[in-house]
Amino acid sequence: MKLGIVGLPNVGKSTLFNAITKAGAEAANYPFCTIEPNVGVVTVPDERLKVLTDLYHAKKTIYTTIEFYDIAGLVKGASKGEGLGNKFLGHIREVAAIVHVVRCFEDENVVHVDGRIDPLSDIETINTELILSDMEMIERAIARTSKNAKGDKTLKKDLELLNRISETLAEGLSARTMELDEEERAFVESLNLLSFKPIIYVANVSEDDAAEGNEYSAQVAEFAATEGSQAIVICAGIESEIAELEDDEKKAFLDDLGIEESGLDKLVKASYALLNLISYLTAGEPEVRAWTITRGTKAPQAAGKIHTDFERGFIRAETITYDQLVECGGNLGTAREKGWLRSEGKDYVVQDGDVMHFLFNV
C-alpha cells in the first residue's frame, strides 16, 4: 500500500514523514526542499501480533507495512508546470491514496508560502491543481471517445460519464465527490484521476492543541466531511519527539499530554478505513504474521496472499477469531472442544482478526 504525503511548502510534511518513518528525509524552512519523493516503509502497529508471539514463543514476528511517499511541496499553477508541478502531479498518480497535510498552527519562525494561516485556502490550492490536471485528461478522453463512438455505439455510456466528470470538475469539485454506482466507479477508477484518489486530511497543529485540535483543525474536519473524506489531528513536532522513544516511554509521554494514541496509529487506522483494508493473522511457533487484504475478500483469495499455490489448490481454512484463540491460550484442541475452531470453505468472507490455517492440494 502506497500513500503520498502532500501539502503546500512548509506545512510540516517532511517533519511528519521523518517522524513516522524515521527515514531522515530533509526538513528545512524553505520551499521545494523536497524534490524527488522520499520513501519510507512503516510497520503497521498491531498489538495482536505481540500477544500471539508471546503465546507461541514465535521465532519470528512479521508486521504488515505501508509505504509513505513524501512528495514535493505544491504551489499555485502546478498543473501548468509552475514550481515542481509536473513532477509533483506525476508522483501523486503513482500512489493509492493521498495524505494531505494542512498547516493549522501559528509560528512566526516558519514562513508560510502565502504569508498567512488559512487551511481552507491551502486545501483549495492543492485540490484546484489536481482538478485542473484532471480536466486536461478528461478533455482528451472526451475527444477520443467521441471520435470512436461514431463507429461504436457501446461507447455512448462511457462518453456520458466522461461528460458528467467534466461538469463536476468545472464546478471546482473533486471527482471523488461524485455519486457513482459500482460499474461507474470502476470506470472512473480506471482513469486514474488525481482528484478521485481517496484522501486523508491531516491537520498539523501545535503541541498545545495536539489533544483536542483548534479552530483551524475544526475547519479542516468540516471541509473533509463535505466530500466524504477523513480528517485527523496530528502534531508533527510531538511525533518527532516520540519517534526517539521506546514503546513504554511513548505511552507515558502521550499520557502526560492527554493524547490517546500516536499520530502514526491514527494515520494507519484512517488509511485502512479509507482503503477498506483489514488484516488476518497466521500464528505458530515458527512465525506470527499479519496479512493485509481488502474487506470482503474470500478465503481462497486471502490464502493467495501467502502463495498462489494456496489459492489454486485451496481446500478449506481452519479459522478462529483472535480473541477466542487468546482466551483458550492458543490451544487448538480446547478451541475445537468449545466449537470455536471452524472449517471454512471457498465462499467464506475473511474477517479482521481471523487467525487462519489453510489446507490445500499441491
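Residues numbered from 1 in each chain as written. Predicted model: local features only at pLDDT ≥ 70, side-chain atom pairs only at ≥ 80, totals over all residues. Heavy atoms only, no water.

Trainee: Would you mind going over the overall build of the protein with me for this structure?
Mentor: Of regular secondary structure, the protein possesses 14 helices and 12 strands. Within the protein, contacts between residues separated by at least 24 positions form 69% of all contacts whose residues are at least 6 apart in sequence. Carbon and sulfur atoms provide 48% of the accessible area of the protein, an area that totals close to 17900 Å². (Helix = DSSP H or I, 4+ residues; strand = E, 2+ residues; numbered from the N terminus. Contact = heavy atoms within 4.5 Å. Areas by Shrake-Rupley, 256 points an atom, 1.4 Å probe, with all protein chains shown as cover.)

Trainee: Got a minute to help me understand the packing of helix 5 (residues 156–170) against helix 6 (residues 182–190) in this structure?
Mentor: A pair of packed helices is characterised by two quantities: the angle between their axes and the separation of those axes. As a packed pair, helix 5 and helix 6 sit with axes 11 Å apart at the nearest point and diverge in direction by 75°. If you check the angle between helix 5 and helix 6, you find them roughly perpendicular. Along its contact with helix 5, which presents Lys157, Asp158, Leu161, Leu162, Arg164 and Ile165, the element helix 6 presents Glu183, Glu184, Phe187 and Val188. Broken down by class, the residue content of the contact of helix 5 with helix 6 amounts to 5 nonpolar, no polar and 5 charged. (Axes fitted to C-alpha atoms, helices over the stretch in contact; angles between N-to-C directions. Parallel < 35°, antiparallel > 145°, perpendicular 65-115°, else oblique. Nonpolar A, V, L, I, M, F, W, Y, C, P; charged D, E, K, R; others polar.)

Trainee: What is the right way to look at the sheet that holds strand 6 (residues 199–204) in this model?
Mentor: Pairing between the strands of a sheet comes from backbone hydrogen bonds, and it takes one of two forms, parallel or antiparallel. Strand order across the open sheet formed by 6 strands is 2-4-1-5-6-7, with mixed pairing between neighbours. Strands at the two margins of the open sheet, each flanked by one partner only, are strand 2 (38–43) and strand 7 (230–234). Strand after strand, the sheet turns through a mean of 25° between neighbouring axes, direction not considered. (Pairing = 2+ DSSP bridges.)

Trainee: Please clarify how the confidence of the model for the protein should be interpreted in this entry.
Mentor: Do not read the fine detail of predicted coordinates wherever pLDDT is low. Residues of the protein with pLDDT of at least 70 account for 90%, and the chain-wide mean is 88. Every residue in residues 23–35 scores below 50 in pLDDT, and together they form 37 contacts with partners more than four places removed in sequence or on other chains. (pLDDT = per-residue confidence, 0-100.)

Trainee: So what exactly am I meant to see when it comes to the pattern of salt bridges here?
Mentor: Side chains that differ in charge, positive against negative, can pair when their charged atoms come close. Evaluated as defined, the whole model comprises 13 salt bridges. For Lys13, the salt bridge goes to Asp70, with nearest N and O atoms at 3.5 Å. A residue pair is termed long-range when its members are at least 10 positions apart, and Lys13 in helix 1 (residues 13–21) and Asp70 in strand 4 (residues 65–70) qualify at 57 residues. By relative accessible area, Lys13 is classed as buried at 6%. Residue Asp70 is classed as buried on the basis of its relative accessible area of 0%. Each of Asp46, Arg48 and Asp352 takes part in salt bridges that share partners, so that together they form one network. (Salt bridge = Lys/Arg side-chain N within 4 Å of Asp/Glu carboxyl O. Buried < 20%, exposed > 50% of the residue type's maximum accessible area, 1.4 Å probe, protein only.)

Trainee: How should I be thinking about the pairing of strand 1 (residues 2–6) in this particular structure?
Mentor: Regular strands place side chains that alternate from one sheet face to the opposite one. Summarising burial for strand 1: 4 of the 5 residues are buried, a large majority. As paired strands, strand 1 and strand 4 are joined by 4 bridges and run parallel to one another. Across the sheet, Ile5 pairs through a bridge with Asp70, a residue of strand 4.

Trainee: Just checking my understanding: could you explain the nonpolar core for this structure?
Mentor: Burial of nonpolar side chains together is a common tendency in soluble globular proteins. By size, the foremost hydrophobic cluster in this structure holds 52 residues, and its most contacted members are Phe68, Val202 and Leu267. The residues contacting Val202, other than those within four sequence positions of it, are Leu16, Val99, His100, Val101, Val102, Ile232, Ile234 and Leu267. In this structure, Ala141, Leu161, Leu180 and Leu193 belong to the second largest nonpolar core, which totals 16 residues. (Core = buried A, V, L, I, M, F, W, Y, C linked by side-chain atoms within 4.5 Å.)

Trainee: I would appreciate a short explanation of helix 1 in the present structure.
Mentor: Counting along an α-helix, one turn takes 3.6 residues, and residues three or four places apart therefore face a common direction. Most of helix 1 is tucked away: 8 of the 9 residues are buried. For helix 1, every residue scored as buried is listed here: Lys13, Ser14, Leu16, Phe17, Asn18, Ala19, Ile20 and Thr21. After helix 1 finishes, the residue Lys22 shows a positive phi value of roughly 55°.

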